[in-house]
Amino acid sequence: MTVLPDADALETALGEAERRGEVAERRRGLLLALPSFAYMVLFFAVPLVIVLVYSFATRTSSGSTALSDWNLEAYRKLGEPIVRNVVIRSVVLALITTVLCLVIAYPFAYFCATRSATVRNLLLVAVMIPFWTNFLVRNYAWRLLLSSGGPISSFTESIGLGPTEILFTKTAVVIGLVYAYLPFMILPLFASIDRLDWRLVEASRDLYASGPASFRKVVLPLTMPGVIAGSILVFVPSMGAYVTPELLGGGKETLLGSYIVTQFLTARNWPVGASLSFVLMAVMLVSTIIYFRAGGKNL
Amino acid sequence: MSLRAVSKHFDDVVAVDSVDLDIGDGEFFALLGPSGCGKTTTLRMIAGLEIPSAGSLKIFGSEVGPLPPNRRPVNTVFQNYALFPHMSVADNVGFGLRMSKTPKADVARRVSEAISLVRMGGMENRRPAQLSGGQQQRVALARALVNRPKVLLLDEPLAALDLKLRQEMQFELKQLQREVGITFVFVTHDQEEALALSDRIGVMDSGRLLQVGTPEEIYDAPVDRFVADFIGRSNFLAGTLEAHDRVCLANGDRVTVPSVADGVVSVGDAVQVSLRPERVMIDRAGAAPEGHASLEGEVATVTFLGNSIVYRVALDWMTIEVETDHRPDLDRHEVGDRVAMWWRDDAIAVVRP
Amino acid sequence: MSGRSIAPTTRWLLRSNSALVIAFLYAPIILLAVYSFSGSRIPGEWGGFTTEWYARLFDDSRIQKTIGVSVRVALVSTVIATVLGTMSALALERFKFRGRRVFDALLYLPIIIPDVTMAVMMLMFFTQAFDLVDLLFGLGLSKGFATIVVSHVAFNIAFVSVVVRARIAGMDATLEQAAADLYANRWQAFRYVTLPLIAPGVLGGALLAITLSLDDVVVTQFVAGPGSTTLPVYVFSLIRKGVTPTINAVSVIMLLASLTLVAGSVALQRAQAVRGRTNSE
Ligand SMILES: Nc1ncnc2c1ncn2[C@@H]1O[C@H](COP(=O)(O)OP(=O)(O)O)[C@@H](O)[C@H]1O
Ligand SMILES: [Mg+2]
């Protein structure tokens, strides 16, 4: 083996080149990310911080916000009956919506997952299409259907049940929410049922489980991640819904989302609006953590 | 091409540990080792896809260690071919020439030459997805060779093919290398493939290059227990090197060994004696000829393999595997028989434990 | 016995449930489309076939104007979000750099954050920013086209990035190395290998961004100025006043716009699926 006279020098040169290569690579990555990174910091992270700061500010008598007298007043307001009722109503309606979606979507997803590939794809595309169509229009369609003298009302009247008067009630809001978020429940449920190892179901049948028993003891527990993921995907946006309660609840059935909007656009109580937005976001963050824990990322 | 003390670290993983290696011009060289031993990393450093952490890497005398891949006279056939799925066969093959700004007319001519070299004429307009595994393999070869590299690097090029196709392609690859006459550095974890194809083999384990030699040297005179074990099968008898041609085995027997090369082990070291099962002769106890080292033991199992029989013989300090031809003129031993085993002095090798 | 075999009654129940789900999903949209051609002035009543309401749309300058704003907002914000989203997807999938994890987390937030919170954030931000600009430079800025675009980009970068990342993750990184081995420099490897291969993902991300931009009511309502209302915000305010046959017609137009976009992305997915199949052979 020939010993190179400058072996040591070469070694440091190479180590240096390797390090420089890595540094250059990192710099390239940062450069590529930088425009959107800066954008997201300026137009997302900073606004988020502003909301947080505002939630500790004071509303002056003139309706403007004083950025000086920091306090927890806005959060204390959340305990007041009006706000508490809004929160409770939102949670209850969101829960009802979630349960209804689950009950409707599970059999549908199960049916999909047990079909041939062609039928399954057709059904899934059929679910996806309304999901992609304009959200406002989908809500408007129900407003039209449920309007007094509208198609549903005329139909129930013609079969002798009298006119249907459910527009601007909680029922209408729930119908609208279920309609809007049903695909969010179907898709993760389908994913987890589709991934189910059917040999486990066969094994349970082989071990004397009846059909319903093997569903309860095997299928349901194994598809639980889908149930949890779907429930969160429905529950969270329902809690924050604004358009649906506005159009189908007629502003009477104030939910959290609408209440926040009112605080900003009408009541001009920004601190309360800000603190409520934060509560809403906390719900969302906790749910997201549960979602990832449940393996939702893989769905 | 020469590598001197080349190392590569990924954070705290030492992927390649101070490798010294010379590869001659026009040689078919195989880097052989189990998965994860650092073969791909070594190859990628030669290709310029990784910069070594330390050491020197020369191709035709000039240092290429820190050069990027597009400035080296080297091309690679990737592990899963890495054909561009959105380009036709012809566009794939011509890619390197277009990137290096070769005149258009030359590109067309060299592409069609390369395609016919790998016998893919008529498939120029197909997409990689429309080709079989063997055909994709040939396109990958053409795509690299069309650039007339001085060294062609191949990373497990046959691993994705099924057995029959693999054997066919082994033959073609060897043929092709003779035709183009350039250096091939070939990575594989398949010892048979390495033995069948290469002029020389380098055996790697855990980032270290353990031995370099012709296939015969590697098989007949391994210097490391790992090498002997990885290539073929072997019995390992523990002992101590007493003189450069004598080992004292663990049971106290002394055996003569081929003289040990310098730098592998030194007199006084604990060593292992590698004894290939098919090099061991076996007969009734006491039938060992004079003048040979021999061992006696009791047959523990007999396995019939068609053309051969494998005996596992229990000694009181270890078990030895013996493989004999299945021939009517040889005695067959049964479980429980006492047998004697012996071997020619040059049938064994002293290895690092 | 197969695990998938189902008792006949259960099967019948599953079938009817699925039929009802599909009916539930489509009936409102279809009825809306039908009623948009109804001659009656009462929107939910059938009064003979007419195209009058559509004709009226073409004369309604307010609607025309908001359509113009919506389309411009959607196009501009989609272009910006697609470029930025694709760049961040490449950075996150192919590079290590300082702050990568923070960036990654920051890009998840807009996807999960409720509309209302996002709207509140943007409103407060612009109010503060404009106050600051006024204070520092004496410039009186106001909300309008630009604030809508900025807000739409703020949520769309994240969506584009997710879609494109999925595509890059599915692409073999050795293809780029093969390009480098074949004398391509960084830019050439990107231009001739990476970009063509991730193009369907980029297009898919752009389609999603357009859809979300055209869909948005809440955020836009908060950041729109007097002269720059988008179509959904305008329609939303109209609906709150009461349903009219004209709204039916506008809604159907919006429906058609989204259906065109869906058709585009479904076609794209099919093309991708077909290519994926042939590639994996
Ligand atoms: N880019 C990398 N980052 C971190 N570790 C790596 C990288 N590439 C390879 N390694 C590690 O280096 C070792 C050698 O890998 P490789 O050269 O691919 O082995 P082989 O090709 O022999 O199977 C392995 O332990 C592997 O995990
Ligand atoms: Mg490898």
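Thresholds applied
- Residues numbered from 1 in each chain as written.
- Chains lettered and ligands numbered in written order.
- Predicted model: local features only at pLDDT ≥ 70, side-chain atom pairs only at ≥ 80, totals over all residues.
- Heavy atoms only, no water.
- Helix = DSSP H or I, 4+ residues; strand = E, 2+ residues; numbered from the N terminus.
- Rg over C-alpha atoms; globule rule 2.2 N^0.38 Å.
- Buried < 20%, exposed > 50% of the residue type's maximum accessible area, 1.4 Å probe, protein only.
- Near = heavy atom within 4 Å.
- Polar contact = N/O pair within 3.5 Å; in protein donor to acceptor, adjacent residues only side chain to side chain.
- Areas by Shrake-Rupley, 256 points an atom, 1.4 Å probe, with all protein chains shown as cover.
- Nonpolar A, V, L, I, M, F, W, Y, C, P; charged D, E, K, R; others polar.
- Contact = heavy atoms within 4.5 Å.
- Salt bridge = Lys/Arg side-chain N within 4 Å of Asp/Glu carboxyl O.
- Buried area = accessible area lost by both parts, 1.4 Å probe.
- Arc of directions from axis to C-beta.
- Patch = residues over 30% accessible without salt bridge, like charges linked within 9 Å, V, L, I, M, F, W, Y side chains within 5 Å.
- Lys, Arg positive; Asp, Glu negative; His and termini not counted.
- Charge placed at Lys NZ, Arg CZ, Asp CG, Glu CD.
- Axes fitted to C-alpha atoms, helices over the stretch in contact; angles between N-to-C directions.
- Parallel < 35°, antiparallel > 145°, perpendicular 65-115°, else oblique.
- Left-handed = near helix turned anticlockwise from the far one by under 90°.
- Domains from an automatic or database assignment.
- Pairing = 2+ DSSP bridges.
- Core = buried A, V, L, I, M, F, W, Y, C linked by side-chain atoms within 4.5 Å.
- Phe/Tyr/Trp six-rings, centres within 6.5 Å; stacked < 30°, edge-to-face > 60°.
- Lys NZ or Arg CZ within 6 Å of the ring centre and 35° of its normal.

**Q** What am I meant to see in the overall build of chain A here?
**A** A tally of helices and strands in chain A yields 13 helices and 2 strands. Here chain A has a C-alpha radius of gyration of 27 Å; the compact-globule value for 299 residues is 19 Å, and the former is much larger. A principal-axis box enclosing the C-alpha atoms of chain A has dimensions of 105 × 70 × 35 Å. By residue count, 49% of the 299 residues in chain A fall in the buried class.

**Q** I would appreciate a short explanation of the site of ligand 1 in the present structure.
**A** Residue and element names in this part refer to chain B. Inspection of the region around ligand 1 gives Phe 10, Ala 15, Pro 34, Ser 35, Gly 36, Cys 37, Gly 38, Lys 39, Thr 40 and Thr 41 as its neighbouring residues. One of the backbone nitrogen or oxygen atoms of Gly 36 is found 2.5 Å away from an oxygen atom of ligand 1. Calculation on ligand 1 without its partners gives an accessible area of 560 Å², and the protein chains cover 59% of this total. Among the elements that line the shell around ligand 1, the one with the most residues is helix 1 (residues 39-47), at 3 residues. Tallied by class, the residues present in the shell around ligand 1 amount to 4 nonpolar, 5 polar and 1 charged.

**Q** Quick question: what am I supposed to make of the interface of chain B and chain C here?
**A** When the parts of a complex come together, some accessible area is lost, and that lost area is often taken as the interface size. Contact with chain B, which involves 25 residues of that partner, is made by 19 residues of chain C. Our enumeration of links across chain B and chain C arrives at 0 salt bridges. The interface formed by chain B and chain C includes 6 residue pairs in polar contact (both at pLDDT 80 or more). Mapped onto the side of chain B that touches chain C, the elements with two or more residues apiece are helix 1, strand 6 (74-77), helix 2 (89-99) and helix 4 (133-145) of chain B. Classifying every residue of the side of chain B that touches chain C by side-chain character gives 13 nonpolar, 8 polar and 4 charged.

**Q** So what exactly am I meant to see when it comes to the interface of chain C and chain A here?
**A** Listed per partner, the contact involves 85 residues of chain C and 83 residues of chain A. Across the chain C/chain A interface, buried area totals approximately 7,900 Å², and carbon plus sulfur atoms make up 78% of it. Scanning the region where chain C abuts chain A turns up 14 residue pairs in polar contact (both at pLDDT 80 or more). The biggest single contributor to the side of chain C that touches chain A is helix 1 (residues 8-35) of chain C, with 15 residues.

**Q** Mind showing me how you'd approach helix 8 (residues 198-206) of chain A here?
**A** Because each turn of an α-helix spans 3.6 residues, side chains separated by three or four positions end up pointing in the same direction. Residues and elements named next belong to chain A. Residues of helix 8 that are buried include every one of Trp 198, Val 201 and Ser 204, and no others. The arc that holds the buried residues of helix 8, viewed along the axis, is 110 degrees, so those residues lie on one side. Residues of helix 8 that are exposed and angled more than 90 degrees away from the buried face: Arg 199 and Asp 206. Tucked inside the fold, the buried residues of helix 8 contact helix 3 (81-113), helix 7 (170-194) and helix 9 (211-222).

**Q** Hey, could you run me through a positive patch on the surface in this one?
**A** Residues and elements named next belong to chain C. Residues Arg 62, Lys 65, Arg 72 and Lys 241 make up a contiguous surface patch of positive charge. Broken down by element, the positive patch gets its largest block of residues, 3 residues, from helix 3 (residues 61-94). Tracing the backbone shows Lys 65 in helix 3.

**Q** What's the story with the packing of helix 3 of chain C against helix 8 (residues 186-215) of chain C in this structure? I'm lost.
**A** In helix packing, the relevant descriptors are the interaxial angle and the interaxial distance, both defined with respect to the helix axes. All names here are of chain C. In contact at an axis separation of 8 Å, helix 3 and helix 8 are set at 140 degrees when each is read in the N-to-C sense. In terms of orientation, helix 3 and helix 8 fall into the oblique class. Helix 8 is crossed by helix 3, and the crossing has right-handed handedness. Listed contacts from helix 8 to Ser 70, Val 73, Ala 74, Ser 77, Thr 78, Thr 82, Thr 86 and Leu 90 of helix 3 are Phe 190, Thr 194, Ile 198, Val 202, Ala 206, Ala 209, Ile 210, Ser 213 and Leu 214.

**Q** I keep staring at the domain arrangement of chain A and nothing clicks. Help me out?
**A** Residues and elements named next belong to chain A. With domains assigned, chain A is organised as domain 1 (7-55) and domain 2 (78-298). Centre-to-centre, using C-alpha coordinates, domain 1 lies 40 Å away from domain 2. Here domain 1 and domain 2 share an interface that buries about 520 Å² over both sides, 88% of which is from carbon and sulfur atoms. Summed over the shared surface of domain 1 and domain 2, the number is 0 salt bridges. Between the two partners, domain 1 and domain 2, sit 0 residue pairs in polar contact (both at pLDDT 80 or more).

**Q** Would you mind showing me how to read the sheet that holds strand 11 (residues 235-243) of chain B here?
**A** Residues and elements named next belong to chain B. If you trace the 5 strands from one edge of the open sheet to the other, you get 13-12-11-14-20, paired in antiparallel fashion. The sheet is open, and its two edges are formed by strand 13 (254-256) and strand 20 (348-351), each paired on a single side. Each neighbouring strand pair of the sheet contributes to a mean axis angle of 40 degrees, computed without reference to strand direction. The pairing of strand 14 (residues 270-275) with strand 20 spans 4 bridges and is classified as antiparallel. Bridging across to strand 20, Gln 272 finds its partner in Val 351.

**Q** Looking at this structure, I do not really get the sheet that holds strand 10 (residues 208-213) of chain B. What am I missing?
**A** The strands making up a sheet associate through backbone hydrogen bonding, with each pair oriented either parallel or antiparallel. Residues and elements named next belong to chain B. Taking strand neighbours across the sheet as the criterion, the 6 strands line up as 6-7-8-3-9-10 in an open arrangement whose pairing is mixed. Every other strand in the sheet has two partners, leaving strand 6 and strand 10 as the edge strands with one partner each. Ignoring which end each strand starts from, the neighbouring axes of this sheet average 20 degrees apart. The pairing of strand 3 (residues 28-32) with strand 8 (residues 183-188) spans 5 bridges and is parallel. For Leu 31, the partnering residue across the bridge sits in strand 8 and is Val 187.

**Q** For this particular structure, what's the right way to read the side chain of Gln 263 of chain A?
**A** Within the fold, Gln 263 of chain A resides in helix 12 (residues 256-265). Leave out the neighbours within four places in its chain, and Gln 263 of chain A touches Arg 268, Asn 269, Trp 270, Val 272 and Gly 273 of chain A.

**Q** Would you take a moment to explain the pattern of salt bridges for this structure?
**A** Between side chains of opposite charge, a pair can form as their charged atoms come close. Residues and elements named next belong to chain B. Using the criterion set out here, one finds 32 salt bridges over all chains in the structure. A salt bridge links Asp 346 to Arg 344, with the nearest nitrogen and oxygen atoms 2.9 Å apart. Assessed through its relative accessible area of 48%, Asp 346 is described here as partly exposed. Beyond isolated ion pairs, a larger network of salt bridges with shared partners links Asp 106, Arg 109, Glu 113 and Arg 148.

**Q** How should the nonpolar core be read in this particular structure?
**A** Nonpolar side chains in soluble globular proteins generally cluster together in the buried interior. Phe 44, Leu 136 and Val 243 of chain A, Phe 84 and Phe 95 of chain B together with Met 124 of chain C are the most contacted members of the largest nonpolar core, which has 194 residues in total. In terms of residue count, the dominant contributor to this core is helix 7 of chain A (14 residues). Once residues within four sequence positions are removed from consideration, Phe 95 of chain B is found in contact with Phe 84 and Met 87 of chain B together with Ala 179, Leu 182, Ala 184, Tyr 192 and Val 193 of chain C. Residues Phe 28, Met 123, Ala 140 and Phe 184 of chain B belong to the second largest nonpolar core, which totals 43 residues.

**Q** What exactly am I supposed to notice about the packing of aromatic side chains here?
**A** Within a pair of aromatic rings, the relevant descriptors are the distance that separates the centres and the angle that separates the planes. Inspection of the entire model under this criterion finds 28 aromatic pairs over all chains. Taken together, a centroid distance of 5.8 Å and an interplanar angle of 45 degrees make the contact between Tyr 54 of chain A and Trp 270 of chain A tilted. Of the two residues, Tyr 54 of chain A sits in helix 1 (residues 7-54) while Trp 270 of chain A sits in helix 13 (residues 270-293), which places them 216 residues apart along the sequence. The same class applies to Tyr 54 of chain A as to Trp 270 of chain A, namely buried. One aromatic cluster in this structure is built from Tyr 39 and Phe 43 of chain A together with Phe 125, Phe 126 and Phe 130 of chain C. Cation over ring: Arg 276 of chain B sits above Tyr 219 of chain B, and NZ or CZ is 4.0 Å from the ring centre.

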